[in-house]
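Summary of the model geometry
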Amino acid sequence: MIFFDNASTTKLCDEAVDSLIKYSVQKFYNPSSKYKEGVENFNAIQNVKKYICEILGVEFKNNIIFTGSATEASNLAIMGSVRSSFKKMLFSAGEHPSVYNTALNLKTKYPNLTIEFVNLQKNGEINYLELENLLKTGDVDFISIMHVSNETGAINNLERISQLRKKYAPNAILHIDGVQGFGKIPTNLQKLDIDFYTLSAHKLHGPKGLGALYCKNPSKLLPQIWGGGQEYNIRSGTENLASIMAFKSALDLIDTTSQTYERLKNFANIFKTNLRILVNKNQKLKFIENENLSPYIISLSVVGLKGETLLYMCDEKGLLISTGSACSSKKSGNRVLENMGYSKEEVEGSLRISFSIKTTLNEVNQGCEILANCINELYEKIKNKRR
Ligand code: PLP
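Rules behind the numbers
Residues numbered from 1 in each chain as written. Predicted model: local features only at pLDDT ≥ 70, side-chain atom pairs only at ≥ 80, totals over all residues. Heavy atoms only, no water. Near = heavy atom within 4 Å. Polar contact = N/O pair within 3.5 Å; in protein donor to acceptor, adjacent residues only side chain to side chain. Areas by Shrake-Rupley, 256 points an atom, 1.4 Å probe, with all protein chains shown as cover. Nonpolar A, V, L, I, M, F, W, Y, C, P; charged D, E, K, R; others polar. Domains from an automatic or database assignment. Contact = heavy atoms within 4.5 Å. Buried area = accessible area lost by both parts, 1.4 Å probe. Salt bridge = Lys/Arg side-chain N within 4 Å of Asp/Glu carboxyl O. Pairing = 2+ DSSP bridges. Helix = DSSP H or I, 4+ residues; strand = E, 2+ residues; numbered from the N terminus. Axes fitted to C-alpha atoms, helices over the stretch in contact; angles between N-to-C directions.

We now examine the site of the ligand. Neighbouring the ligand are 14 residues, the closest being T71, D177, Q180, S200 and K203. At 2.8 Å from an oxygen atom of the ligand is found a side-chain nitrogen or oxygen belonging to Q180. S200 places a polar side-chain atom, nitrogen or oxygen, 2.8 Å from an oxygen atom of the ligand. In isolation the ligand exposes 400 Å². Once the protein is present, 92% of that is buried. The class makeup of the residues in the shell around the ligand is four nonpolar, eight polar and two charged.

This brings us to the domain arrangement of the protein. The figure often quoted for interface size is the accessible area lost as the parts come together. Per the domain assignment, the segments of the protein are domain 1 (2-9 + 256-386) and domain 2 (14-251). The distance between the C-alpha centroids of domain 1 and domain 2 comes to 28 Å. The partner domain 2 presents 30 residues to the 30 residues of domain 1 that form the contact. With both chains or domains summed, domain 1 and domain 2 bury close to 2700 Å², and 52% of this area falls on carbon and sulfur atoms. Our count for the contact surface shared by domain 1 and domain 2 stands at zero salt bridges.

Below, the discussion takes up the sheet that holds strand β6 (residues 173-177). Within a sheet, each strand pairs with its neighbour through backbone hydrogen bonds, oriented either parallel or antiparallel. Strand order in the open sheet made by the seven strands is β2-β8-β7-β6-β5-β3-β4, with mixed pairing throughout. What marks the edges here is a single partner per strand, and that holds for β2 (64-67) and β4 (114-118). Going across the sheet, the axis of each strand differs from the next one's by a mean of 20°, ignoring polarity. In terms of strand pairing, strand β3 (residues 88-92) meets β4 through five bridges, oriented parallel. Pairing of M89 across the sheet is with I115, part of β4. Docked against the sheet, helix α3 (residues 70-79) engages β2, β3, β5 (140-146), β6, β7 (196-200) and β8 (211-215), running at close to 165° with respect to β7.

Right, here's the structure in full:
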């Protein structure tokens with residue numbers, strides 16, 4: 001079986017499995033316990049946080065908060081920052097539901113707050129000019145824009161966003177959902193002066209049910225969960241020690257060097273080129289035109305065919321892909337692609353192929369062939385029906 005739905009989740013790596021067992025069985029001690037076994041586990045967690053800071057290019061200053069998911073981490077950044085004095089909060093229209101739906105929900109608690117969504121360009125990135133105009137109003141207190149789109153792989157220009165914030169709204173808080181970027185796209189949060197950055201363990205061969213929030217200044221966050229005071233009193237609850245240690249083992253495998261990036265980029269190019277060659281030349285394929293795409297995600301539309309039908313056909317032949325993000329697959333349409341200006345037909349034919357660091361060239365070639373065969377088969381079926 002070929003798994004090309006790594007943007008949805010990834011398989012736990014063997015090293016992470018070993019850590020999960022080790023820290024659930026042999027070293028199961030509560031990190032808050034005073035005896036040395038507990039202290040050792042507390043220190044082990046601190047070291048994982050330091051390592052995450054290293055990857056993010058920031059100094060470790062008790063600024064990583066572990067949560068039960070990236071969804072919870074983004075909720076914490078938004079709900080823990082908002083104040084009744086806030087006038088306006090900006091979100092990109094392409095946000096994952098964990099941010100988008102939180103933004104919509106803010107209105108129920110803060111009816112006087114203005115929530116604005118920055119639209120997307122055709123290439124999947126946010127409309128920077130629109131962001132600039134919204135920031136110029138001078139009322140903006142909070143901005144949340146994702147790093148890499150889980151739907152399209154489009155990489156938003158964080159440097160440009162950070163500069164716009166600095167120029168027009170220096171006091172506005174900047175939150176970035178980094179779930180699809182962390183460990184994949186080299187990032188230096190220090191240079192970017194970002195306030196919050198969300199990440200998730202299960203997108204990088206770590207365990208599900210573990211997220212984290214980088215906070216430049218954690219003391220400004222209001223807790224959303226109260227209890228024993230873990231995670232600097234901001235997110236109480238006994239730490240998910242085994243998952244945190246498993247995440248560290250998974251992080252040991254990641255590699256943000258240009259070599260890995262180029263290898264994945266090459267895979268994405270091979271997949272696109274070969275698909276164009278293998279698919280019936282009368283069948284229109286639409287790829288996003290953008291130089292700034294994550295090589296881990298390929299979004300395409302097989303115009304005129306149903307993406308969902310292709311998904312099931314591929315599944316039968318041993319290739320697992322997606323028609324959009326797993327979190328939105330239960331809903332019809334696609335809010336993100338529609339915002340980019342896709343027609344109904346293009347949205348219906350949309351597919352997402354997503355790789356991981358463990359993807360091989362052999363899988364890329366085989367997966368491409370399976371998808372091309374399914375597209376050609378469905379194309380012929382429909383053509384014959386029309387006759
Ligand atoms: N943000 C993005 C961009 C995602 O792709 C996902 C998962 O698909 C999430 C947030 C949610 O992550 P989690 O499953 O850890 O809540």
